[in-house]
Amino acid sequence: MATASAPGKIILFGEHAVVYGRPALAVPVTQIHADVDVTASSRPGIWIHAPDVNLHAELSSLPSDHPIASVLHNFFFAFGISPVPSLDISITSTIPVASGLGSGAAVTVALMRALSSHLDKLMTDEQVNTFAYEIEKLHHGTPSGIDNTVVTYARPVYFIKGQPIETFKVGAPFTLVIADTGISALTKESVSDVRKLWEADKVRWEKVFDEIGVIVRNAKEKIENGEWRALGALMDSNHALLQEMTVSSPELDSLVESARRSGASGAKLSGGGRGGNMIALVEKDKAAQVAEAILSAGARRTIITEIS
Ligand code: MEV
């Protein structure tokens, strides 16, 4: 039997602009994770059990573009595994789906690692990451690759599309409240809507992406110098630019507002937007009070996490 786990992730700064070559900052969230067990099966076939999404099926009964089926087909093809031995694959995840927390990338990474270990096909992190990026492209159109990178390496990442992975140091730990609107939103759609805006007026949106790039570089410097209190204003500015890009929503804006009113130093949506999650920067001793206020404003759930 082989098991593997991969964490969730949140984007601190730079989502969407990162698709256009600007930098972004993201960190793993280890409180939430996807876990995969692979064992030899006593019955013929590849049996997939994913109770969180109510999936109990044999691989051949799934459409080939099903997210889990596509990982398996691509994996067996890439390693020339034929015939494929009978397997029982169990997938569980505590990462909310379609909420900007990297659930798809985490399932892909954990599944590949468990398969490669069970079938004795050694994979480096770089190979896992490249493979996961190919899978992200199948389902998300034009992803930057930030989700699969953070989830694969499980490290804070200063990410620029197409460049080697660069991590960053956290000079002094800081606390975030992550809050879920409970609304699922497909990143693919918000990314495609931003592309339509960009295609219609490249000069305007390149300028907006540049402004986000400046915020991200500034935020990296503040985080590395331990000046995390300065991040609040940067989050607010980044959120305003994401609103301009039409990827916020009334629900996200309402949670962001309630975080600010209840004592957060700054707040913004995180990830693809339109639904999913927002993040609020808080003094550690205010985290519970801010989380409570965000829940009262309608958040489905909150996670308090320390970035260190
Ligand atoms: C999604 O987590 C982040 C986006 O910037 C899309 C991407 O980078 O692929 C919205």
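Note that this is a predicted model, so its numbers are computed, not measured.

S.K.: How do you make sense of helix α5 (residues 187–200) when you look at a structure like this?
M.R.: Every α-helix winds through 3.6 residues per turn, so residues three or four apart in the chain are directed the same way. Along its 14 residues, α5 runs 20 Å from first to last C-alpha, staying within 8% of the 20 Å computed at 1.5 Å per residue. Along α5, the positions that sit buried rather than exposed are Ser-190, Val-191, Val-194 and Trp-198. Buried residues of α5, seen end-on, are gathered within an arc of 100 degrees and therefore sit on one face of the element. Turned more than 90 degrees from where α5 packs its buried face, Lys-196, Glu-199 and Ala-200 sit exposed. For α5, the elements touching its buried residues are α6 (202–224).

S.K.: Teacher, can you tell me more about the domain arrangement of the protein here?
M.R.: Accessible area lost upon the coming together of the parts is a frequently used measure of interface size. Per the domain assignment, the segments of the protein are domain 1 (2–159) and domain 2 (169–307). Computed from C-alpha atoms alone, the centre-to-centre distance between domain 1 and domain 2 is 25 Å. Facing the 28 residues of domain 1 at the interface are 44 residues of domain 2. Between domain 1 and domain 2, roughly 2,900 Å² of surface is buried when both sides are summed, and carbon and sulfur atoms account for 67% of that area. When the buried area of domain 1 at its contact with domain 2 is split by residue, Phe-13, His-16 and Tyr-20 rank highest and sum to 26% of it. Counting the contacts that link domain 1 with domain 2 gives 3 salt bridges. The salt bridge partner of Glu-15 is Lys-268, with a shortest N-O separation of 2.9 Å. Only β1 (2–13), β2 (24–40) and α3 (125–140) provide two or more residues apiece to the side of domain 1 that touches domain 2.

S.K.: Could you clarify how one ought to interpret the site of the ligand in this entry?
M.R.: Around the ligand there are 13 residues in total, and Lys-9, His-16, Pro-143, Ser-144 and Asp-147 lie nearest to it. Contacts to the ligand include Asp-147, whose side-chain N or O atom sits 2.9 Å from an oxygen atom. Protein coverage of the free-state accessible area of the ligand, which is 300 Å², stands at 96%. Placement of the ligand is best described as lying within the largest pocket.

S.K.: What is the right way to look at the layout of surface pockets in this model?
M.R.: To find the voids left in a structure, one rolls a probe of water-molecule size over its atoms. Estimates place the volume of the largest pocket at around 980 Å³. Lining the largest pocket are 46 residues, with Ala-98, Ser-103, Gly-104, Ala-105 and His-140 sitting closest to its centre. Breaking the lining of the largest pocket down by element, the ones donating at least two residues are β1, α1 (67–78), β5 (87–93), α2 (103–118), α3, α4 (146–153) and α5. The leading source of residues in the lining of the largest pocket is α2, at 5 residues. Mapping the lining of the largest pocket onto the domain boundaries places at least three of its residues in each of domain 1 (2–159) and domain 2 (169–307). Here the second largest pocket is characterised by a volume of approximately 280 Å³.

S.K.: Explain empty space enclosed by the protein here, please?
M.R.: For the structure on display, the rule yields 2 cavities of 30 Å³ or more. Estimates place the volume of the largest cavity at around 40 Å³. Along the walls of the largest cavity sit Ala-98, Ser-99, Gly-100, Ala-185, Thr-187, Ser-270, Gly-272, Gly-273, Gly-275, Gly-276 and Asn-277, which together make up its complete lining. Class assignment for the residues of the lining of the largest cavity results in 2 nonpolar, 9 polar and no charged.

S.K.: How should the packing of aromatic side chains be read in this particular structure?
M.R.: In this description, a pair of aromatic rings is defined by centroid distance and the angle of the planes. Summed over all chains, the structure comprises 5 aromatic pairs. Here Tyr-20 and Phe-209 contribute two aromatic rings whose centre-to-centre distance is 4.5 Å and whose plane-to-plane angle is 20 degrees, an arrangement assigned as stacked. On the criterion of sequence distance, the pair formed by Tyr-20 in the loop between β1 and β2 and Phe-209 in helix α6 is long-range, its members being 189 residues apart. Classification of Tyr-20 as buried rests on a relative accessible area of 12%. When its relative accessible area of 0% is taken as the criterion, Phe-209 is described as buried. Judged by centre distance (6.2 Å) and plane angle (85 degrees), the ring pair of Phe-75 and Phe-76 falls under edge-to-face.

S.K.: Is there a simple way to explain the sheet that holds strand β10 (residues 301–307) in this structure?
M.R.: Adjacent strands of a sheet form backbone hydrogen bonds with each other and so pair up, either parallel or antiparallel. An order of β8-β9-β7-β10 is seen for the 4 strands of this open sheet, with the pairing classed as antiparallel. Taken across any chain shown, the strands that pair with only one partner, and hence form the sheet edges, are β8 (266–270) and β10. Neighbour-to-neighbour, the strand axes of the sheet open up by a mean angle of 25 degrees, direction not taken into account. Bridging between strand β7 (residues 174–180) and strand β9 (residues 277–282) involves 6 bridges; their strand directions are antiparallel. Residue pairing for β9: Leu-176 is matched across the bridge by Leu-281.

S.K.: Which parts of the structure should I look at to understand α4?
M.R.: Most of α4 sits out of view: 7 of its 8 residues are buried. Within α4 the residues assigned to the buried category are Ile-146, Asn-148, Thr-149, Val-150, Val-151, Thr-152 and Tyr-153. Contact partners of the buried residues in α4: β1, β2, α2, α3 and β6 (157–159). Directly after α4, the chain includes Ala-154, whose backbone phi takes a positive value near 50 degrees.

Cut-offs and rules
Residues numbered from 1 in each chain as written. Predicted model: local features only at pLDDT ≥ 70, side-chain atom pairs only at ≥ 80, totals over all residues. Heavy atoms only, no water. Helix = DSSP H or I, 4+ residues; strand = E, 2+ residues; numbered from the N terminus. Expected span 1.5 Å × (residues − 1). Buried < 20%, exposed > 50% of the residue type's maximum accessible area, 1.4 Å probe, protein only. Arc of directions from axis to C-beta. Contact = heavy atoms within 4.5 Å. Domains from an automatic or database assignment. Buried area = accessible area lost by both parts, 1.4 Å probe. Salt bridge = Lys/Arg side-chain N within 4 Å of Asp/Glu carboxyl O. Near = heavy atom within 4 Å. Polar contact = N/O pair within 3.5 Å; in protein donor to acceptor, adjacent residues only side chain to side chain. Areas by Shrake-Rupley, 256 points an atom, 1.4 Å probe, with all protein chains shown as cover. 1 Å grid on protein atoms, 1.4 Å probe; cavity = no way out; pocket = protein on both sides within 12 Å on 5 of 7 lines; lining within 4 Å. Sits in = over half its atoms within 2 Å of the grid points. Points joined across faces, edges and corners; volume = space filled by probe spheres on them. Nonpolar A, V, L, I, M, F, W, Y, C, P; charged D, E, K, R; others polar. Phe/Tyr/Trp six-rings, centres within 6.5 Å; stacked < 30°, edge-to-face > 60°. Pairing = 2+ DSSP bridges. Axes fitted to C-alpha atoms, helices over the stretch in contact; angles between N-to-C directions.

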